Amino acid sequence: MTSIADIRPMTSEDVPEVLKTGNDVFDTDEFPYSTWSLSAIAKHLDQQPEACHVAHSEGAVVGFILASMPFLTHQHWGHVEWIALRPGFQGRALASKLADASLRALYGAGATRVVADIATANRQSKLLARSLGFTELTTVSLFAAPSLEWIKTPDRAVEVAASEA
Ligand SMILES: CC(C)(COP(=O)(O)OP(=O)(O)OC[C@H]1O[C@@H](n2cnc3c(N)ncnc32)[C@H](O)[C@@H]1OP(=O)(O)O)[C@@H](O)C(=O)NCCC(=O)NCCS
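Note that this is a predicted model, so its numbers are computed, not measured.

Re the pairing of strand S4 (residues 77–85)
Most of S4 sits inside the fold, with 7 of its 9 residues counted as buried. Note that strand S3 (residues 60–68) and S4 share 6 bridges and pair antiparallel. Bridging from a neighbouring strand, Gly63 pairs with Leu85 of S4. Relative to strand S5 (residues 113–115), S4 runs parallel, the two being bridged by 3 bridges. Opposite Trp77, over in S5, you have Arg113 as the bridge partner. For the crossover that starts at S4, traverses helix H3 (residues 94–108) and ends in the parallel S5, the hand is right-handed.

Brief notes about the nonpolar core
As a rule of thumb, nonpolar side chains are buried together in soluble globular proteins. Counting 20 residues, the largest nonpolar core has Ala5, Ala55, Val80, Leu85, Phe89, Leu106 and Val114 as its most contacted members. Those elements that place two or more of their residues in this core are S3, S4 and H3. Of all the elements, H3 adds the most residues to this core, at 7 residues. The residues contacting Leu106, other than those within four sequence positions of it, are Gln48, Ala51, Ala67, Ser68, Met69, Gly78, His79, Val80, Ala111 and Val114. Val18, Trp36, Ile41 and Val54 belong to the second-largest nonpolar core, a separate cluster that totals 16 residues.

About the thresholds
Residues numbered from 1 in each chain as written. Predicted model: local features only at pLDDT ≥ 70, side-chain atom pairs only at ≥ 80, totals over all residues. Heavy atoms only, no water. Buried < 20%, exposed > 50% of the residue type's maximum accessible area, 1.4 Å probe, protein only. Helix = DSSP H or I, 4+ residues; strand = E, 2+ residues; numbered from the N terminus. Pairing = 2+ DSSP bridges. Right-handed = clockwise from strand over helix to strand, strands pointing away. Core = buried A, V, L, I, M, F, W, Y, C linked by side-chain atoms within 4.5 Å. Contact = heavy atoms within 4.5 Å.

Laid out in structure tokens, this is it:
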């Protein structure tokens, strides 16, 4: 069966189209997608170009995956951070193909483990991860501190010290 798009390694010439595709596909008003940027792309492409791939159709980039090592302090952990397909190209196994190419490159480069951090609300992304054989290691919630008004409330440390005096 012919695919509606092909997968190939990403090059620096793809950067503008990858940036635009991410801007169009991610909800950049929402964390973690608000961290999508040129430097987010450059970090992976600089570090591990062989783990970054694009899906292209009729000369245009329609999707991408960006991954690299290390992950935080884990020198030999690969990190799949960004993946996206334009809506007309979703549900056609292209994300699975992109991930396959990236995982092979990461393990080929010496990764001992590959991780992906996925927003709890991102159902499609979790389905993709599970279909690739990823299993859940841990769940981290982002908590927001009280609003700026909070600094007008009494200093808790001072209150405690006063009550202990
Ligand atoms: C996440 C995303 C890349 C998945 O792309 P996709 O083209 O739908 O994925 P595929 O067609 O390769 O499907 C991969 C697997 O996920 C499953 N899947 C993906 N989306 C699904 C959905 N909406 N409903 C049911 N299953 C779904 C598929 O069934 C398939 O599993 P299988 O191989 O066991 O059948 C795509 O939905 C996307 O671009 N989302 C917006 C950007 C985003 O949130 N990216 C992730 C965070 S960086």
